[in-house]
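# Descriptive analysis of the structure
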Amino acid sequence: MGKNECRTLSVARYAVIMYLTYTLFLIVGCDRKQEQAVLPVVTVAKVTQMTVPIYLNYVGTTLSVRSVDIVARVEGFLWERHFVDGADVKEGDLLFVIDPRQYQASLDNARGQLAKDEAALAYAREQVERYRPLAEKQFITRDAFDQYVTKVKEAEAAVEADRAAVKLAELNLSYCRMYAPSDGRIGQRQVDVGNVVGSTQGFGQTTGLANIVQLDPIYVYFSPTERDLPEILRKRNEGDLLVTVILPDESIHPYQGKVDFIDNTVDSTTATITMRGVVPNPEKTLLPGQYAKVRVLLTTEPNAIVVPEQAVSEDQNGLYVLVVGQDNKVENRRVVVGTTYNGMRVIEDGVKPGELVIMEGLQKVKPGSLVQTKLASSEDISKRPVVSPSPSKEVSN
């Protein structure tokens, strides 16, 4: 074979080798691009630290601080009603008027009788003073003079009885006008205008006319277990026990109250003790008889390690989070969890501050997977559903 043929063959071999090498690089590059393209994208959040309040959680019932029944104290026809059912009333507002005419006549009669007997008393006293000198000089018998003195005492007793009758008549007349005894909200009227009320003869209405409840502040009753009692009493000895009310729609009542009553006996049948919180209610958003969750603040835990609540999952072996390492590889971490606060779950063991946990995309990955990460902002986390602290110690009344 000549030199030219050998040279031609070498060039051909070199070209084939270069072509194969280039093709191999293209294939490897495409595979890598495809591998990168299929990496799942997950939303992650940093493990952080914050001060977390520690609560005891119960189910409670609201009750009015003051509930007053408006009842007719005299008999008569109900003349007037001066309120709208369900309205807020102020102390001293006129509510009902009972026909006052017979009671005004009774008062006028009592006053007339008083005036008559006062005149008789004055005359009797004049008689005593007139006959006193004659009795001293024995121009009249002592017995006759004593009769004049007795008439004075009788007249004085009659005047006292008349004054009492006037006071009673004035009182009965005042009962014809019924006023609100305190600020509050009045309920539905129980008797309509025109009915006889206050009857004691078996006819007419004998029930109350209406009811007023005070709404601000308002009581909330709940029943901690005897297991929680030592903790509660220790905190009570240190200062006020603060309570927060959570409504059935999970909204938090904006005004915090405090415990003002702890019963002196544990109910042996339920192993619970009755407690009461008094809660400001200026906007009257709480009404008596409502069921609500009650949180009792025990203490605060500074620098608690927390993750978004949705980052915590559970399987047959317990609770865990998926942590993304520096190499973007997913790792399964078993965790010990604490309370929940504002959408964040306290982690007592299992993760460290600064690590990344997966919030969204959990179903896309498994331990050992490579992922692409998208860091959630604080706004993203705040938009998640916020729940109240976990009811780990919740009991019903």
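Refer to the structure presented above.
Residues numbered from 1 in each chain as written. Predicted model: local features only at pLDDT ≥ 70, side-chain atom pairs only at ≥ 80, totals over all residues. Heavy atoms only, no water.

### A closer look at the nonpolar core
Note the threshold: Among the buried residues, those of types Ala, Val, Leu, Ile, Met, Phe, Trp, Tyr and Cys that are joined through side-chain atoms within 4.5 Å form a nonpolar core. Partly exposed residues are those whose accessible area sits between 20% and 50% of the maximum for their type, while under 20% is buried and over 50% is exposed, using a 1.4 Å probe and protein chains only. For the purposes of this entry, the term helix denotes a DSSP run of H or I that reaches at least four residues, the term strand denotes a run of E that reaches at least two, and both are numbered from the N terminus. Throughout, a contact is declared for two residues whenever any of their heavy atoms are within 4.5 Å.
Grouped together as the largest cluster of nonpolar side chains are 35 residues, with contacts concentrated most on Leu 95, Phe 96, Ile 98 and Leu 209. Broken down by secondary-structure element, the contributors of at least two residues to this core are β3 (67-70), β6 (94-98), α2 (101-136), α3 (142-174) and β10 (210-213). The element contributing the most residues to this core is α2, with eight residues. With residues near it in sequence (within four places) discarded, Leu 209 still touches Ile 70, Val 71, Ala 72, Leu 78, Phe 96, Met 178, Gln 188, Arg 189, Gln 190, Val 191 and Val 197. Counting residues in each nonpolar core, the second largest holds 21 residues, with Leu 241, Met 275, Val 279 and Val 296 among its members.

### With respect to the sheet that holds β3
Put simply, the test is: Strands qualify as paired when DSSP identifies two bridges or more between them.
Spatially, the four strands line up as an open sheet ordered β3-β10-β8-β5, and their pairing is antiparallel. Two strands bound the open sheet, and with one partner strand each, they are β3 and β5 (88-89).

### Focus on the sheet that holds strand β4 (residues 76-81)
The antiparallel open sheet is built from four strands, whose spatial order is β7-β6-β4-β9. The sheet is open, and its two edges are formed by β7 (177-179) and β9 (196-197), each paired on a single side. Bridge count between β4 and β6: three bridges; the pairing is antiparallel. By the bridge assignment for β6, Leu 78 is matched with Ile 98.

### Description of the packing of α2 against α3
What counts, and what does not: Helix axes use the C-alpha atoms of the stretch in contact, all axes being lines fitted to C-alpha atoms, and the angles between their N-to-C directions lie in the range 0 to 180 degrees. These descriptions rest on fixed angle ranges, namely under 35 degrees for roughly parallel, over 145 for roughly antiparallel, 65 to 115 for roughly perpendicular, and the rest for oblique. Handedness of each helix crossing follows the sense of rotation of the near helix against the far helix: counterclockwise by less than a right angle gives left-handed, clockwise gives right-handed. Gly falls in the polar group here, along with every residue not listed as nonpolar (Ala, Val, Leu, Ile, Met, Phe, Trp, Tyr, Cys, Pro) or charged (Asp, Glu, Lys, Arg).
At a minimum axis distance of 8 Å, the contact between α2 and α3 shows a crossing angle of 160°. With respect to their mutual orientation, α2 and α3 come out roughly antiparallel. Pair α2 / α3 crosses with left-handed handedness. For the contact of α2 with α3, the class distribution of residues is 21 nonpolar, five polar and 10 charged.

### Section: the packing of aromatic side chains
Here is the rule: Only rings of Phe, Tyr and Trp enter the pairing, Trp through its six-membered ring, and a pair is recorded when the two centres are within 6.5 Å. The plane angle decides the type: under 30 degrees is stacked, over 60 is edge-to-face, the rest tilted. For a Lys NZ or an Arg CZ to count as sitting over a ring, it must be within 6 Å of the ring centre and within 35 degrees of the ring normal.
Taken as a whole and assessed by the stated rule, the structure comprises four aromatic pairs. Residues Phe 83 and Phe 96 carry aromatic rings whose centres are separated by 5.2 Å and whose planes lie at 85° to one another, so their mutual orientation is edge-to-face. On the criterion of sequence distance, the pair formed by Phe 83 in the loop between β4 and β5 and Phe 96 in strand β6 is long-range, its members being 13 residues apart. Between the NZ or CZ atom of Arg 276 and the centre of the ring of Tyr 219, over which it lies, the distance is 4.0 Å.

### Considering the pairing of β4
Across two bridges, the pairing between β4 and β9 is antiparallel. When the bridges of β9 are listed, Gly 76 appears paired with Val 197.

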